[in-house]
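Coordinate analysis (summary)
Here's the letter readout for the chains.
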Amino acid sequence: MSQLEWTSVETGPLTGTIVVPGDKSVSHRAIMLAALADGVSRIDGFLEGEDTRATAAAFAGMGVRIQTPSPSTRIVHGVGLHGLQAPAASIDCGNAGTGMRLLAGLLAGQHFDSVLVGDASLSRRPMGRVIDPLARMGARIDAEPGGLPPLRIRGGALRGMRHALPVASAQVKSALLLAGLYADGETEVREIHPTRDYSERMLAAFGWPIAFGEGWARLSGGHRLRATDVRVPADFSSAAFFLVAASLVPGSDLVLSAVGLNPRRTGLLTALRLMGADIVEQDRREQGGELVADLRVRHAPLHGVDLPPALVPDMIDEFPALFVAAAAAQGTTRISGAAELRVKESDRLAAMARGLEALGIAVTERPDGADIEGGAIGAGRVDSRGDHRIAMSFAVAGLVAGGPVRIADCANVATSFPGFLELANGCGFALSAQAADQR
Ligand code: S3P
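Just so you know, the residues in each chain are numbered from 1, in the order the chain's sequence is written. Under the rules for a predicted model, residues below a pLDDT of 70 receive no local features and side-chain atom pairs below 80 are neither given nor counted, while totals for whole chains, interfaces and linings still include all residues. Excluded from the side-chain calculations are hydrogens and water; all other atoms, namely the structure's heavy atoms, are used.

**Topic: the packing of aromatic side chains**
Here is the rule we go by: Under the pairing criterion, centres of Phe, Tyr and Trp rings, with the six-membered ring standing for Trp, must be within 6.5 Å; the plane angle then separates stacked pairs below 30 degrees from edge-to-face pairs above 60, leaving the rest tilted. Under the DSSP-based scheme used, a helix requires at least four consecutive residues in state H or I and a strand at least two consecutive residues in state E, with every element numbered from the N terminus. When a residue's accessible area, from a 1.4 Å probe over protein chains only, is under 20% of the maximum for its type it is buried; when over 50% it is exposed; and in between it is partly exposed.
Taken as a whole, this structure holds 7 aromatic pairs when the rule is applied. Where W6 meets F420, the ring centres are 5.6 Å apart and the plane angle is 15°; that geometry is what we call stacked. Here the residue W6 occupies a position in strand 1 (residues 4–9), and F420 occupies one in helix 12 (residues 420–426), the gap between them amounting to 414 residues. Accessibility expressed as a relative area gives 4% for W6, which makes it buried.

Next comes the structure, spelled out in C-alpha cells:
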C-alpha cells in the first residue's frame, strides 16, 4: 500500500491572516456532553478531523441523532443521561486517545456492555491509567496484557471516589469525572499539576453542579445535563506550527485568528517568548466561555533555553514544534520532565530526536527529555511514525532547511488538522504531497 509522503522546501516569508481548525479537546467533549444532555445543542467551530468524527460516530452508533449542516457545525439531539443505546458493534476510536479514555469513563456506568478499539498507534497506548482508577469506582474493564486496547467494558453501578492522580493527564481526570456523572455519591480528582479544564468548564456550561479550581475538581452523580450551544475556539495546538514557522522564516508577519488561549494550553507561547519570539496577542476576548485572541507572529531570531519543567503539562502537545524551534535556534535547548511524550501518538522524544538527527542536528535523548543543539538544518528524509504532530513539525523544519525535507507517513495529519497542506501553502509554505511509492 502506498503511503502519503510530504516534501517541504525553503520559501519566502509567511504572511496573511489564517484561521486554524477548531480545538480537538473541546470538540470531543462538546459531542459527548451534548449527546447526554436533555434537548438539542448546536456546536460551531467543530473540528472536522478524523479523531472527533470518530467520537461523533460513536454516539451516532449509540442512538444519538447528529446533523452536520456544515462541516464545522454539529446539531446534536441529546438523549439524556440514561438514553444511550447499546452499540451494535465495537466502537472504533481511530487514532484518538482522548476519545478512548473519555469514553471508557462514560461507558463504565451505562446499562450495557461495549468494546472500544483503535488503530495501530492507539492500540499501543497505555489504558491502565484510566482502567485502574475506574476500577476503584466499581468499573469492570478488561484490556489486553499491559493495559492495552481493545477495552471490553461491562457497564454497571459505580460509586464516587477520591482520586489523587499520579500523572498529569486531562484525559484521565475527564474519564473519572464522566464516570462520576453516573456514580453514587461524590467523585473528586486531585492532580499533581493542573491540566486543561475543558471538561469541568463544559460540565458547568451544561448545567451540572461541579466545583473545581487549579488542580482539583469535585462533582456528584444524579443530576441532568441541559442542552447548550458551544462555540469551539481555534486549536492552539494547530496554531503552534505556524507560531514556530513564522518565528523562523525571515520577513514573516502572520496573524492567526481567534485562537483559544486557555492558560493550561499555552505553555509554548511562554517557551517561544523565552527563546526570543515576537508574538503579540491582539483583541483578547471571551468567545463561548473561553479566552481567545488573534496572535500576530513576526520573525525573530531564537536562542536556546533550559525549558522550565513546570511548563511541560501546559505544552504537552507542542513539543514536536518546540524541537524544530530549538533546532533552528542559536545555542542549546534542554528539555526535562517530559517522559509523557513517550506515550503519545508516537514516542515523540524518539521520533523528533531521530528526525532532527537525519537533518544534521545534534540531539542527546534522555528518558524524560532531550538536549537539542541549534544548528543548520539540512535536507533529508524523516519518518513521522504516523504521528500528525511529528509530520507537521517537520513540514515547518523544511521551511528553513538547506534542501528538501521529505516526510514519510503523513496521512494521519487528517486526525487533527484536515486541510493543513492547503492552509500552509496559502500563507507561504511550499509543501507538496505524493504517494511514497511514486518517489
Ligand atoms: C487531551 C489531553 C492530553 C493531550 C491530548 C488531549 C485532552 O493528553 O496530550 O492531545 O483532550 O484531554 P493527556 O491527558 O494524556 O496528557
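What follows picks up the thread again.
**Describing the side chain of H28**
This is how it is decided: Should any heavy atoms of two residues lie within 4.5 Å, those residues are counted as being in contact.
Along the chain, H28 turns up in helix 1 (residues 24–36). Overall, H28 belongs to the buried group, its relative accessible area being 0%. Discounting residues that sit within four places of it in the chain, H28 has contacts with D51, T52, T55, A96, T98 and G99.

**What to know about the environment of I75**
Within the secondary structure, I75 is located in strand 5 (residues 73–79). Note on I75: relative accessible area 15%, which makes it buried. It is 43 Å that separates the C-alpha atoms of I75 and S336, two residues lying 261 residues apart in sequence. Discounting residues that sit within four places of it in the chain, I75 has contacts with V40, S41, R42, R65, I66, Q67 and P69.

**Remarks on the nonpolar core**
Generally speaking, soluble globular proteins have nonpolar side chains that are buried together. Defined as follows: Think of a nonpolar core as a cluster: buried Ala, Val, Leu, Ile, Met, Phe, Trp, Tyr and Cys residues, connected wherever their side-chain atoms sit within 4.5 Å.
With 81 residues, the main nonpolar core has W6, F242, L272, F394, F420 and F429 as its most contacted residues. It is helix 7 (residues 236–248) that provides the largest number of residues to this core, a total of 10 residues.

**Comments concerning unusual backbone geometry**
Note on backbone geometry: most residues besides glycine have negative phi, and most peptide bonds are trans. The omega angle of the peptide bond from P149 to P150 is 0°, so this bond is cis rather than trans. Along the chain, the position of P150 falls in strand 9 (residues 148–154). Positive phi is not limited to glycine here, since A258 has a value of about 50°. Looking at where A258 falls in the secondary structure, it is placed in strand 17 (residues 253–260). Under the relative-accessibility criterion, A258 is labelled buried at 16%.

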